[in-house]
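# Notes for the structure review
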Amino acid sequence: MSADAALRARAARVVPGGMWGHLHADRMPEGYPQFFMRGEGGHVWDADGNRYVDLMCAWGPVILGHRDSAVEHAASRQAALGDCLNGPAPVMVDLAERLVDRIAHADWAIFCKNGTDATTACVTIARAATGRRAILVAEGSYHGAMPWCTPVPAGTTAEDRAHQHRFRYNDVASLEAAADAAGPDLAGIIVTAFRHDNVVDQELPEPGFARAVRAVCDRRSAALIVDDVRAGFRLHPGGSWETVGVRPDLSAYSKALGNGHAIAAVAGGDALRDAAARVFVTGSFWCAAVPMAAALAVLEELERRDVVPWLEHLGTRLRQGLAERAAAFGVGLRQSGPVSMPLFLFDGDVDFAQGRAFCAAALRAGAYLHPRHNMFLCAAHTEADMDAVLRAAEAGFAALRPS
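Residues numbered from 1 in each chain as written. Predicted model: local features only at pLDDT ≥ 70, side-chain atom pairs only at ≥ 80, totals over all residues. Heavy atoms only, no water.

### Overview of the sheet that holds strand β6 (residues 164-167)
Each strand in a sheet pairs with its neighbour through backbone hydrogen bonds, running either in the same direction (parallel) or in the opposite one (antiparallel). A sheet is described by the order of its strands in space; here seven strands give the open sequence β4-β10-β9-β8-β7-β5-β6, paired in mixed fashion. Each edge of the open sheet carries a strand with a single partner, namely β4 (108-112) and β6. For this sheet, the mean angle separating the axes of adjacent strands, direction not counted, is 20°. The pairing of strand β9 (residues 250-253) with strand β10 (residues 264-268) spans four bridges and is antiparallel. Following the sheet pairing, L250 is matched in β10 by G268. (Pairing = 2+ DSSP bridges. Helix = DSSP H or I, 4+ residues; strand = E, 2+ residues; numbered from the N terminus. Axes fitted to C-alpha atoms, helices over the stretch in contact; angles between N-to-C directions.)

### Things to note about the layout of surface pockets
For the second largest pocket, the calculated volume is near 400 Å³. M92, A109, I110, F111 and C287 are the residues nearest the centre of the second largest pocket, which is lined by 23 residues in total. A total of four residues in the lining of the second largest pocket trace back to one element, the largest contributor, which is β4. (1 Å grid on protein atoms, 1.4 Å probe; cavity = no way out; pocket = protein on both sides within 12 Å on 5 of 7 lines; lining within 4 Å. Points joined across faces, edges and corners; volume = space filled by probe spheres on them.)

### Description of the sheet that holds strand β13 (residues 367-368)
If you walk across this open sheet you meet the four strands as β1-β2-β3-β13, and the pairing is mixed. Pairing within the sheet leaves two strands with one partner each, and these edge strands are β1 (36-40) and β13. One ladder, built from two bridges, connects strand β3 (residues 51-54) with β13; its direction is parallel. Counterpart to D54 in the pairing with β13 is Y368. Here helix α11 (residues 383-399) sits on the sheet in contact with β2 (43-46), β3 and β13, set at roughly 110° to β3. (Contact = heavy atoms within 4.5 Å.)

### Some remarks on the pairing of strand β5 (residues 134-138)
With five of its five residues buried, β5 lies for the most part within the structure. Because side chains alternate across β5, one face comprises the buried residues A134, L136 and A138, and the other comprises I135 and V137, equally buried. Bridging between β5 and strand β7 (residues 186-192) involves four bridges; their strand directions are parallel. Note that in β7 the partner of I135 across the bridge is G188. One ladder, built from four bridges, connects β5 with β6; its direction is parallel. Bridge assignment links A138 to a residue of β6, and that residue is F167. (Buried < 20%, exposed > 50% of the residue type's maximum accessible area, 1.4 Å probe, protein only.)

### Quick notes on the packing of helix α2 (residues 69-79) against helix α8 (residues 289-305)
Relative to each other, α2 and α8 sit at 150°, their axes nearing to 8 Å. Classified by the angle their axes make, α2 and α8 are roughly antiparallel. Crossing geometry of α2 relative to α8 is assigned as right-handed. Together, A70, V71, A74, A75, Q78 and A79 of α2 and A289, V290, A293, A294, A297, V298, E301 and R305 of α8 make up the contact between the two elements. A class-by-class count of the residues in the contact of α2 with α8 yields 11 nonpolar, one polar and two charged. (Parallel < 35°, antiparallel > 145°, perpendicular 65-115°, else oblique. Left-handed = near helix turned anticlockwise from the far one by under 90°. Nonpolar A, V, L, I, M, F, W, Y, C, P; charged D, E, K, R; others polar.)

### Here's the deal with helix α10 (residues 353-364)
For an α-helix, 3.6 residues make a turn, and residues three or four places apart therefore share a direction. Taking 1.5 Å per residue, 12 residues should reach 16 Å; α10 reaches 17 Å between its end C-alpha atoms and fits that length. Listed in full, the buried residues belonging to α10 are G355, F358, C359, A360, A361, A362 and L363. A positive phi of about 105° marks G366, the residue just after α10. (Expected span 1.5 Å × (residues − 1).)

### Here's the deal with the pattern of salt bridges
One pass over the structure, following the stated rule, counts 23 salt bridges. Its salt-bridge partner being R305, residue D68 comes within 2.7 Å of it at the nearest N-O pair. With D68 in the loop between β3 and α2 and R305 in helix α8, this pair connects stretches of sequence that are 237 residues apart. Judged by its relative accessible area of 9%, D68 falls in the buried class. For R305, a relative accessible area of 30% puts it in the partly exposed group. The partner of D185 in a salt bridge is R133, and the shortest N-O contact between them spans 3.0 Å. (Salt bridge = Lys/Arg side-chain N within 4 Å of Asp/Glu carboxyl O.)

Pasting the structure below:
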């Protein structure tokens, strides 16, 4: 029995289903490991010692590379002083100042532990600021795993979403219709940095759509919330919607902010400052100092290394290489979304059988990919890593040839 299989058998006895949530390996193609021993730079090793070029990067949190030395040094320095204390450490103020300096729309910041915390806090603040209830949410958008936003309805009630109205991403007419349905009760609109719904082609925000969202919020005195949890700091240092020239009232960050350390943030403008001070959002670990020290180091390193252009360079190399190989193998491959957060789907692959076969073969050749979720590049990846992924992709394309 492999080490991974043995760990799964043990986990099945003490963990419901053996694993929970999006990290469950049963959602992945056959042969994917459940357990990992370590990560280094742009690579991970599973419990059996197999090494992969990592294109999931812990599902987004790792932007500089696993165990980045600058981040881990900052975290260790703070750990020697304390982590979970009776109040925040001074690093909280340092981090808030740095975020306000970096995020274009921000005048203040508060901190929590994960992306769901941050998006939920944004919705709560918007309602407190306006005294209204209705929130517009795009169809299929993922904003976290609380009852108000989870994609899996088990354990939730209709009342959890009683004050939500749906619109289609990049569809101004449906946005306007949803706003009309909300009427004078509209508190805010929450929208992802780009359309990154699972299992569909990704869509960058159209500038006209982004401007329309801003206009609806301005016209109705509602809060525009950009959920930048997944894309934050990967597309633009000042906030992802800087790429379309639109600034939100509130934004939610997590994932890349801590390079693997558990931290999230809400950033907002002065108009929402009082509401943010009045709501009661908190947690025993929300002011832990070690993740804040790590996040401060992440922001410094992102600026020092000018990471965004490097990720775009690597992503372009990967996208072009995949397109060339797909054409050579006669495979219909669709690539969408930002090049630094790649997604590929296969034409006619309704049940994702081709994607699963492709990724299983690529895994055996040393690349950890995902058959239907966007992936993530990190600053520690190299051109040689992208070339290794392309070689693994050739094994994937070969696996799709009819026998």
